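Topology and contacts: notes
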Amino acid sequence: MVSVSATNLDPVSGPGTSGALDTWRDLPAAQQPDWPDRGELDKVVAELASLPPLVFAGECDQLKDRMAAVARGEAFVLQGGDCAETFAGATAENVRNKLKTLLQMAIVLTYAGRVPVVKIGRVAGQFAKPRSKPTETRDGVELPAYRGDMVNGFDFTAETRRPDPNRLLRAYHSSAVTLNLARAFTKGGYADLRQVHAWNQDFVAESPAGRRYEQLAREIDQALSFMRACGADPEEFHTVEFYSSHEALILDYDRALTRIDSRTGLPYDVSAHMVWIGERTRQLDGAHVEFFSRIRNPIGVKLGPTTTPEEAIALIDKLNPDNEPGRLTFIARMGAGKVRDALPTLVEKVNASGATVAWVCDPMHGNTFEAPSGHKTRRLDDVLDEVAGFFEVHHALGTHPGGIHIEFTGDDVTECVGGGHAIVEEDLALRYETACDPRLNRGQSLDLAFRVAELYRSS
């Protein structure tokens, strides 16, 4: 992250600016909580609006520059983290483990792709989740669905499931803790390139899946040894750029954390460097698209298999009318069985329109199923197959497969099946710890990174 003075961000003020940022309030807003006390929400929002920014406009602009390189085919995005963060998870150990896994994946992808890898965490704000139903029923008892720690609690009780606006403040403070830890780890020597490679060597030596990657690991080791022998020791070997992102689902939260950049007079959502719109909230006439059209962060939009080229181009016209490089990323989440059929026309028509967008693959959300035990899970083979299909489509069209967006953890959970230390459906209950959707564990995540590296090398 760049170091940017906090003075370049001022609270939103003035009737003209404020009005432009609040046009979304007159439109239908999907997936918003049914807050029981609007007065309490207003108090919380006012307090959030007075708090310091979590990120700065200059950092958002730097990420936009990096995403522009992705759109040009000169960089690759690695975006990942928890499906839904929890307040209890904002610990040094959890943040360190996630960063460690992300960095291990990034060094493999950097070497294989021969391009810089833009590292973006689903961290420090991913506290809310859209739900297919507003309520959940167990044993004849119906309660509000769990919408993430930002809104209500996971335990199935009336008190816990009651939406509580004060949780928005807890989300802010948990995000601040997570970002402070991330900055310390990425700038304080923990991210040293040689150390990260040593971790990958351990994975290759110890994991049944890792052994197939011995040749690639050996090549990276030889490259690092050569640079060491030459006396090359750039600062980039010891620190990394790391950016935060989340789905900006709860609009009251993200609007309260929108500030005006005093350099340009433009509004930025300073809750994260990058925010995205989910598949369930990308309605062209909806509140989320309208709000996103007003902020100047780099933004993403999830596109499922039913998305038409006309819808995608309309989203471009609304969200990036000036065709600003790095501004807009389309995150395709098609499913392994649909990506090769649904994605080509989208990419082809968007490319033909002249629009500058980055294309990223989310191989997680289209591949979820329910195991006989009742656990939601995903097969690693399906995840890998969707990524392979994503690469195949772009190679066939001559466009750039710009990155992957995954849900993972640095812990040895048992939430997705498959992998080197093969997890079967009967193992899911052993360490099923997610607050919402199943995540790849550390070994499965590294397996994915090496597989993507193989796709690069074979292209």
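Just so it is clear, the structure is predicted and the values come from calculations on it, not from any experiment. (Residues numbered from 1 in each chain as written. Predicted model: local features only at pLDDT ≥ 70, side-chain atom pairs only at ≥ 80, totals over all residues. Heavy atoms only, no water.)

Broken down by element type, the protein chain carries 14 helices and 15 strands. What you see for the protein chain is a C-alpha radius of gyration of 21 Å, in line with the 23 Å of a compact globule of 459 residues. In terms of overall dimensions, the protein chain has a C-alpha envelope of 60 × 55 × 45 Å along the principal axes. Counting over 459 residues, the protein chain shows a buried share of 57%. For the protein chain, the proportion of contacts with a sequence separation of at least 24, taken over those separated by at least 6, is 77%. Of the roughly 17,800 Å² that the protein chain leaves accessible, carbon and sulfur atoms contribute 49%. Within the protein chain, the 65 negative side-chain charges are centred at a point lying 1 Å from the centre of the 50 positive side-chain charges. (Helix = DSSP H or I, 4+ residues; strand = E, 2+ residues; numbered from the N terminus. Rg over C-alpha atoms; globule rule 2.2 N^0.38 Å. Buried < 20%, exposed > 50% of the residue type's maximum accessible area, 1.4 Å probe, protein only. Contact = heavy atoms within 4.5 Å. Areas by Shrake-Rupley, 256 points an atom, 1.4 Å probe, with all protein chains shown as cover. Lys, Arg positive; Asp, Glu negative; His and termini not counted. Charge placed at Lys NZ, Arg CZ, Asp CG, Glu CD.)

As a rule of thumb, nonpolar side chains are buried together in soluble globular proteins. With 112 residues, the main nonpolar core has Y253, F330, W359 and L448 as its most contacted residues. Examining the composition of this core, we find that 11 residues originate from one element, helix 4 (residues 92-113), more than from any other. When sequence neighbours within four positions are dropped, the list of residues in contact with L448 reads M105, V383, L384, V387, I404, I406 and L440. The next biggest cluster of nonpolar side chains, apart from the first, holds 14 residues, and it includes L63, V70, I120 and Y243. (Core = buried A, V, L, I, M, F, W, Y, C linked by side-chain atoms within 4.5 Å.)

When you line up the elements, T377 lands in strand 14 (residues 376-378). Not counting the four nearest positions on each side in its chain, T377 is found in contact with N367, T368, F369, A371, E415, C416, V417, L428 and P438. Within the local environment of T377, its side chain forms a polar contact with the backbone oxygen of E415, the two atoms lying 2.7 Å apart. (Polar contact = N/O pair within 3.5 Å; in protein donor to acceptor, adjacent residues only side chain to side chain.)

Okay, helix 14 (residues 442-458) next. Taking 1.5 Å per residue, 17 residues should reach 24 Å; helix 14 reaches 25 Å between its end C-alpha atoms and fits that length. Along helix 14, the residues classified as buried are Q444, S445, L446, D447, L448, A449, F450, V452, A453 and Y456. The inward-facing, buried residues of helix 14 contact strand 2 (76-81), helix 4, helix 7 (193-206), helix 8 (214-229), helix 13 (380-397) and strand 15 (403-407). Put simply, N441 is the residue that caps the front of helix 14, since its side-chain oxygen is 3.2 Å from the backbone nitrogen of G443. (Expected span 1.5 Å × (residues − 1).)

For the structure shown, the criterion picks out 36 salt bridges. Among the ionic pairs, R38 bridges to D252, the shortest N-O distance being 3.7 Å. Here D252 lies in helix 9 (residues 251-256) and R38 lies in helix 2 (residues 38-50), a separation of 214 residues in the sequence. Here R38 falls in the partly exposed class, since its relative accessible area comes to 44%. You can call D252 buried: its relative accessible area is 8%. Ionic pairing is found between D82 and K98, a salt bridge with its closest N-O pair at 2.7 Å. (Salt bridge = Lys/Arg side-chain N within 4 Å of Asp/Glu carboxyl O.)

As enumerated under the stated definition, the model contains 13 aromatic pairs in all. Considering the side-chain rings of F203 and F450, the 5.9 Å spacing of their centres and the 20° angle between planes classify their relative orientation as stacked. Of this pair, F203 sits in helix 7 while F450 sits in helix 14; the two residues are 247 residues apart in sequence, bridging distant segments of the chain. Relative accessible area serves as the criterion here: at 2%, F450 is assigned to the buried category. The side chain of K100 reaches across the aromatic face of W199, ending 4.8 Å from its centre. (Phe/Tyr/Trp six-rings, centres within 6.5 Å; stacked < 30°, edge-to-face > 60°. Lys NZ or Arg CZ within 6 Å of the ring centre and 35° of its normal.)

Let us look at the packing of helix 13 against helix 14. Between helix 13 and helix 14, whose axes approach to 11 Å, the crossing angle comes to 25°. The orientation of helix 13 with respect to helix 14, classified from their angle, is roughly parallel. Of the two possible hands of crossing, helix 13 and helix 14 adopt the one that is right-handed. Here L380, V383, L384, V387, A388, F391 and H395 of helix 13 come into contact with helix 14, specifically with Q444, D447, L448, R451, V452, L455 and Y456. Residue composition of the contact of helix 13 with helix 14, by class: 10 nonpolar, two polar and two charged. (Axes fitted to C-alpha atoms, helices over the stretch in contact; angles between N-to-C directions. Parallel < 35°, antiparallel > 145°, perpendicular 65-115°, else oblique. Left-handed = near helix turned anticlockwise from the far one by under 90°. Nonpolar A, V, L, I, M, F, W, Y, C, P; charged D, E, K, R; others polar.)

Let us look at the environment of F391. Mapping F391 onto the fold places it in helix 13. Spatially, the C-alpha atom of F391 lies 31 Å from that of N94, the residues being 297 residues apart in sequence. Residue contacts for F391: discarding those within four places in its chain leaves F76, P401, V452, L455 and Y456.

Our focus in this paragraph is unusual backbone geometry. Its identity is not glycine, yet R114 carries a phi of approximately 60°, on the positive side. Relative to the elements of secondary structure, R114 occurs in the loop between helix 4 and strand 3 (117-122). Backbone geometry places N323, a non-glycine residue, at a positive phi of 55°. You can see N323 is positioned in the loop between helix 11 (309-319) and strand 11 (328-332).

For an α-helix, 3.6 residues make a turn, and residues three or four places apart therefore share a direction. Helix length check: helix 12 (residues 339-352), at 14 residues, gives a terminal C-alpha distance of 19 Å against a target of 20 Å (1.5 Å per residue), a fit within 8%. Taken as a whole, helix 12 has its buried residues at V339, A342, L343, L346, V347 and V350. For helix 12, the arc enclosing every buried residue in end-on projection is 115°, short of the 170-degree limit, so these residues lie on one face. Residues D341 and A352 are exposed on helix 12 and point more than 90 degrees away from its buried face. Positive phi appears at G354, one or two residues downstream of helix 12, with a value of about 90°. (Arc of directions from axis to C-beta.)

Right, let's get into the confidence of the model for the protein chain. Here the protein chain averages 93 in pLDDT, and 96% of its residues register 70 or above. Of the regions scoring below 50 in pLDDT, residues 1-8 engages in 25 contacts with residues more than four places distant in sequence or in other chains. (pLDDT = per-residue confidence, 0-100.)

It is worth spelling out the side chain of E85 at this point. With respect to the secondary-structure elements, E85 resides in the loop between strand 2 and helix 4. Separated by 2.9 Å, the side chain of E85 and the backbone nitrogen of A124 make a polar contact. Those residues in contact with E85 that sit more than four places away from it in its chain are R122, V123, A124, G125, Q126, F127, D149 and T178.

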